[in-house]
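A look at the structure
Each chain, written out:
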Amino acid sequence: MEGRLPIRRFVQNNLVLMTILLLVLVTVLAEPKFLTVGNLGNIMNQFGPLSFVSLGMTIAIIGGFIDLSVAGIVSLSAVFTLSMIDVLGQGGALVCGLCAGAVMGLINAYVIISCGALTQAKALFITYGLSAAYSAIALLYTDGATQHMSYLTRPVTLFKAIGSGKIGFIPVSFVLFLLVMGLLHLFLTRMQTGREICLTGANMTAASLAGIPVKRRVMQIFVLSGMLSALGAIVLFSRITTASPLLGADYETNAILAVVVGGTSLAGGRGSVVRTMLGVMLVTLLSNCMNLLGISTYLQAVCKGLVLILAIWLDRRRVK
C-alpha cells in the first residue's frame, strides 16, 4: 500500500503529462500515421503561434489578470508587421511589429490603471473591449482585406525562416519558443522583477505595503503579454504567408486553456511557463489527434470547452 502512494502522488502532480501520454497512445493505436516525421513536424509547427501567446497569458495570469486583448493584438500586429516589410525591410518590420505589441500592452495597462481596475474581473472586461478596438483598427488599416507575403516586392527570407525554416526536422519557431520560454523561466524565478510580479498576483495589497511598485509591475505584465502576442502573430503569418485582420480570433480562449491546463492558478501568484509548455502541447495534440481521427470541428470545440471546465475545476480544488 505504501509503495502505491508515491505512484499515486506522481500521477496527481503530473496529470497533464499523463493525459498527453494517454492521448498519444490512443491515437497511435487508432491512426499509425501519427508518429510519422511529417506529422510530428506539423505538430511542432502548429505549436509555434499559440505557444508565444500562451507565454504572454501565463505572465498575465501569474500577475493576477487575464488578458483578453491578445486576439486583437495578434490581428493588428500581423497586418501591421507584414505591411511594414516593403517600407522598412525585414529587420525593421520585425522590430516594428514587436514594438506595436508592446505599445498595445502599454495602452492596456494605462487604461486599467487609470480606471482603477486592478482586479482580475474588472480588467477582464477592459481587455475584452480593447481587443475589439484593436481588431477594428486592423480592419480599418487593411480595409478588411487579407494581406499576402507573395505580393511584397522586398525579400522575406527572414520571415520564411521563422515560419517554415527547420534545424534538422525541428522547426525554427519551436527552437525560438524554447529559447524565449527559458528566458522567461529565469525572469520569473531568478530576477527580482519577476518575483515581484508573482507577489503582485498573489496579493496586490500586501505587495504594495511591502514597497513593490505595483503599477509599474502591472505595466510590465501587459507589455510582456503584448510583445509575446505580437511574436506569436509574426510566427503565424510567416507560416501561413498571409495576414488577416481577424487572424487572432479564438487565440485568447486557446491560450487560457493551455495556461490553466498547464497548472497556472487563475487566482494569480502561482504558475510556471515550463508547465504552460505542457498545456500548449496538450491543446495542440488534442486538435491534431482529432483531425487525424476525422472528428468534426464542432465536436472539437465541445471537447476543448469540456477540457477547460475540467481544468478550472481542478484549479479550484488545488487552491482549496
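Structure's up top.
Residues numbered from 1 in each chain as written. Predicted model: local features only at pLDDT ≥ 70, side-chain atom pairs only at ≥ 80, totals over all residues. Heavy atoms only, no water.

A few points about the overall build of the protein chain
Heads up, the rule is: The secondary structure listing takes helices from DSSP runs of H or I that are at least 4 residues long and strands from runs of E that are at least 2 residues long, numbered from the N terminus. The quantity called the radius of gyration is restricted to C-alpha atoms. Its globule counterpart is 2.2 Å times the number of residues to the power 0.38. Exposed residues in this analysis have more than 50% of their type's maximum accessible area, buried residues have under 20%, and partly exposed residues fall in between, with area computed by a 1.4 Å probe over protein chains only. Residue burial considers only the protein chains on display, and all accessible areas are found by Shrake-Rupley using a 1.4 Å probe.
Counting its regular elements, the protein chain contains 13 helices and 4 strands. Taken over C-alpha atoms, the radius of gyration comes to 20 Å for the protein chain, in line with the 20 Å a tight globule of 320 residues would show. Principal axes of the C-alpha set define a box for the protein chain whose edges measure 70 × 55 × 35 Å. Taken over 320 residues, the protein chain has a buried fraction of 50%. Carbon and sulfur atoms provide 68% of the accessible area of the protein chain, an area that totals close to 15100 Å².

Some points on helix α10 (residues 214–240)
Three- or four-residue spacings in an α-helix give side chains the same orientation, since the helix completes a turn every 3.6 residues. Rules: Expected span of a helix: the number of residues minus one, times 1.5 Å.
An ideal rise of 1.5 Å per residue puts 39 Å on 27 residues; α10 measures up with 39 Å between its terminal C-alpha atoms. Phi turns positive, to about 65 degrees, at Thr-241, one or two residues after α10.

Details of the nonpolar core
What counts, and what does not: Only buried residues count toward a nonpolar core, which is a set of Ala, Val, Leu, Ile, Met, Phe, Trp, Tyr and Cys residues joined through side-chain atoms within 4.5 Å. Note on definitions: a residue-residue contact is assigned when non-hydrogen atoms from the two residues lie within 4.5 Å.
Core analysis: the biggest nonpolar cluster contains 91 residues, and Leu-55, Met-57, Phe-65, Phe-177 and Phe-237 have the highest contact counts within it. Counting residues per element, this core draws most heavily on helix α4 (residues 70–114), at 15 residues. In contact with Phe-237, not counting residues within four places along its chain, are Ala-78, Thr-81, Leu-82, Met-149, Phe-159, Thr-242, Ala-243 and Leu-247.

Things to note about unusual backbone geometry
Of note in the backbone geometry, Thr-241 takes a positive phi value of approximately 65 degrees without being a glycine. By the secondary structure assignment, Thr-241 is in the loop between α10 and β4 (242–243). Positive phi, close to 75 degrees, is recorded for Asp-250, a residue that is not glycine. Here Asp-250 lies in the loop between β4 and α11 (251–261). Overall, Asp-250 belongs to the exposed group, its relative accessible area being 52%.

Concerning the packing of α4 against helix α5 (residues 120–142)
Definition in use: Simply put, an axis is a line fit to the C-alpha atoms, just over the touching stretch for a helix, and the angle between two N-to-C directions goes from 0 to 180 degrees. Here the word oblique covers every angle except those under 35 degrees (roughly parallel), over 145 (roughly antiparallel) and from 65 to 115 (roughly perpendicular). By definition, any crossing whose near helix is turned counterclockwise from its far helix by less than a right angle is left-handed, and any crossing with a clockwise turn is right-handed.
In the contact formed by α4 and α5, the axes pass within 7 Å of each other and the chain directions differ by 155 degrees. Considered as vectors, α4 and α5 are oriented roughly antiparallel to each other. Seen along the crossing, α4 lies across α5 with a hand that is right-handed.

Overview of the packing of helix α8 (residues 192–202) against α10
Our working definition: In this count, Pro and Cys sit with the nonpolar residues alongside Ala, Val, Leu, Ile, Met, Phe, Trp and Tyr, while Asp, Glu, Lys and Arg are called charged and the others, Gly among them, polar.
Contact geometry of α8 with α10 gives a least axis separation of 10 Å together with a crossing angle of 105 degrees. Between α8 and α10, the angle falls in the class roughly perpendicular. Contact residues: Thr-193, Glu-196, Ile-197 and Thr-200 in α8; Val-214, Arg-217, Gln-220 and Ile-221 in α10. The residue inventory of the contact of α8 with α10, partitioned by class, reads 3 nonpolar, 3 polar and 2 charged.

Considering the side chain of Thr-142
Here is the rule we go by: Two N or O atoms form a polar contact when they lie within 3.5 Å of each other; inside protein one atom must be a possible hydrogen donor and the other a possible acceptor, and for residues adjacent in sequence the pair counts only when both atoms belong to side chains.
With respect to the helices and strands, Thr-142 occurs in helix α5. Among the polar contacts made by the side chain of Thr-142, one reaches the main-chain carbonyl oxygen of Ala-138 at a distance of 2.9 Å.

Notes on the pattern of salt bridges
As a reminder, the rule being used: Think of a salt bridge as a Lys or Arg side-chain nitrogen and an Asp or Glu carboxyl oxygen that are within 4 Å of each other.
One pass over the full model with this rule turns up 1 salt bridge. In this structure, the salt-bridge partner of Arg-217 is Glu-196, at a minimum N-O distance of 2.7 Å. A residue pair is termed long-range when its members are at least 10 positions apart, and Arg-217 in helix α10 and Glu-196 in helix α8 qualify at 21 residues. Exposure remark for Glu-196: the relative accessible area of 9% places this residue in the buried category.

Concerning the packing of aromatic side chains
Aromatic rings in a pair are described by how distant their centres are and how their planes are angled relative to each other. Counted only if it meets this: Aromatic pairing here means that ring centres of Phe, Tyr or Trp (its six-membered ring) are within 6.5 Å. Orientation follows from the plane angle: under 30 degrees is stacked, over 60 is edge-to-face, and everything else is tilted.
Taken as a whole and assessed by the stated rule, the structure comprises 5 aromatic pairs. Ring geometry for Phe-174 and Phe-177: centres 6.3 Å apart, planes at 45 degrees, overall tilted. Of this pair, Phe-174 and Phe-177 both sit in helix α7 (residues 172–190), 3 residues apart, roughly one helical turn. Since its relative accessible area comes to 0%, Phe-177 is described here as buried. An aromatic cluster is defined as three or more aromatic residues linked by ring pairs; in this entry it consists of Phe-52, Phe-174 and Phe-177.

Here's the deal with a nonpolar patch on the surface
Under the convention used in this document: Patches here are clusters of residues that have more than 30% relative accessible area and form no salt bridge, with a 9 Å joining cutoff for like charges and a 5 Å cutoff for nonpolar side chains (Val, Leu, Ile, Met, Phe, Trp, Tyr).
Judged by side-chain polarity, Leu-22, Leu-25, Val-26 and Leu-29 come together as a nonpolar surface patch covering roughly 420 Å² of accessible area. Position of Leu-29 among the secondary structure elements: in helix α2 (residues 15–30).

Brief notes about the state of the cysteines
Cut-off, in case you're wondering: Criterion for a disulfide: a pair of cysteine sulfur atoms at a distance within 2.5 Å.
Counted by the stated rule, this structure contains 0 disulfides. Of the cysteine sulfurs around Cys-99, a residue in no disulfide, the closest is that of Cys-96, at 6.4 Å.

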